[in-house]
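# Structure assessment
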Amino acid sequence: MSRPRRHGERAADRTGELDRTDKAILRALQADGRISNVALAEKVHLSPAACLERVRALASAGYIRGYRGILDPERLGSGMLVFVQVVLERTTPEVFDSFRSAVLARPEILECHMIAGGFDYILKARVRDMRAYREFTARALWALPGVRETHTYVVMEEVKETTELPVR
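Bear in mind that the values here come from a model prediction, so they are computed numbers and not experimental data.

Further remarks concern the packing of helix 2 (residues 20-31) against helix 3 (residues 37-44). Between helix 2 and helix 3, whose axes approach to 10 Å, the crossing angle comes to 135°. Comparing the axis directions of helix 2 and helix 3 gives the class oblique. The way helix 2 lies across helix 3 gives a crossing that is right-handed. Residues Thr21, Ala24, Ile25, Ala28 and Leu29 of helix 2 form the contact with helix 3, whose own contacting residues are Leu40, Lys43 and Val44. Residues belonging to the contact of helix 2 with helix 3 are distributed by class as follows: six nonpolar, one polar and one charged.

By the element assignment, Leu144 lies in the loop between helix 6 (130-141) and strand 4 (147-154). Taking the relative accessible area as the measure of exposure, Leu144 reaches 5% and is therefore buried. Once the C-alpha coordinates of Leu144 and Phe99 are considered, the two residues, 45 residues apart in sequence, prove to be 6.1 Å apart.

With respect to topology, four strands assemble into an open sheet ordered 2-3-1-4, the strand pairing being antiparallel. At either end of the open sheet lies a strand with only one pairing partner, and these are strand 2 (109-114) and strand 4. Taking the axes of each pair of neighbouring strands and ignoring which way they run, one obtains an average angle of 20° across the sheet. As paired elements, strand 2 and strand 3 (residues 121-127) share five bridges and run antiparallel to each other. Across the sheet, Ile109 pairs through a bridge with Ala125, a residue of strand 3.

Another aspect to go through is the packing of aromatic side chains. All told, the structure shown has three aromatic pairs when counted by the stated rule. Considering the side-chain rings of Tyr133 and Phe136, the 6.0 Å spacing of their centres and the 45° angle between planes classify their relative orientation as tilted. One end of the pair, Tyr133, and the other, Phe136, are both in helix 6, three residues apart, so they sit about a helical turn from each other. By the burial criterion, Tyr133 is buried, and Phe136 matches it.

Quick look at the side chain of Arg126 now. Checked against the element boundaries, Arg126 lands in strand 3. The exposure class assigned to Arg126 is buried, which follows from its relative accessible area of 9%. A polar atom in the side chain of Arg126 sits 3.2 Å from the backbone oxygen of Ser78. Among the polar contacts listed, one links the side chain of Arg126 to the side chain of Glu158, at a separation of 2.7 Å. Leaving out residues up to four positions away in the same chain, Arg126 has contacts with Pro73, Ser78, Gly79, Met80, Leu81, Glu108, Leu110, Glu158 and Glu161.

About the criteria used
- Residues numbered from 1 in each chain as written.
- Predicted model: local features only at pLDDT ≥ 70, side-chain atom pairs only at ≥ 80, totals over all residues.
- Heavy atoms only, no water.
- Axes fitted to C-alpha atoms, helices over the stretch in contact; angles between N-to-C directions.
- Helix = DSSP H or I, 4+ residues; strand = E, 2+ residues; numbered from the N terminus.
- Parallel < 35°, antiparallel > 145°, perpendicular 65-115°, else oblique.
- Left-handed = near helix turned anticlockwise from the far one by under 90°.
- Contact = heavy atoms within 4.5 Å.
- Nonpolar A, V, L, I, M, F, W, Y, C, P; charged D, E, K, R; others polar.
- Buried < 20%, exposed > 50% of the residue type's maximum accessible area, 1.4 Å probe, protein only.
- Pairing = 2+ DSSP bridges.
- Phe/Tyr/Trp six-rings, centres within 6.5 Å; stacked < 30°, edge-to-face > 60°.
- Polar contact = N/O pair within 3.5 Å; in protein donor to acceptor, adjacent residues only side chain to side chain.

Have a look at this one:
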């Protein structure tokens, strides 16, 4: 028989699963990471103290990885978005490690994902314009360790971009 839940205790504290209130908190924080604790508490029908306790517990458990401002790339001179498929010369642990380290050092590369399939990595990068992309390819992309081949896809229209995950 399970023990009764104490005031403010999350379902995840007892069962490892999120309850309805935890999920509501996560959805609200994804939509507005700057929401005040008082407003969040009101939105999820908790006292501010209980709400803060749950947010801290969710962060401690790894459900909340951080808070960030979403900046306008156009206004910051990084309006051109590209995706680049990368094929490596060899797929050895040393080449993967060298490639990974070099990618982490490039601020233009926003995301890098190892892919199973016809190529090794896909990169998401932002630069000012085509001229800047050409410089980026010469100075950075083709200089990445182990790169044999690349295929670039220039984004003509960003239809949907989000960091929000479905919280069910």
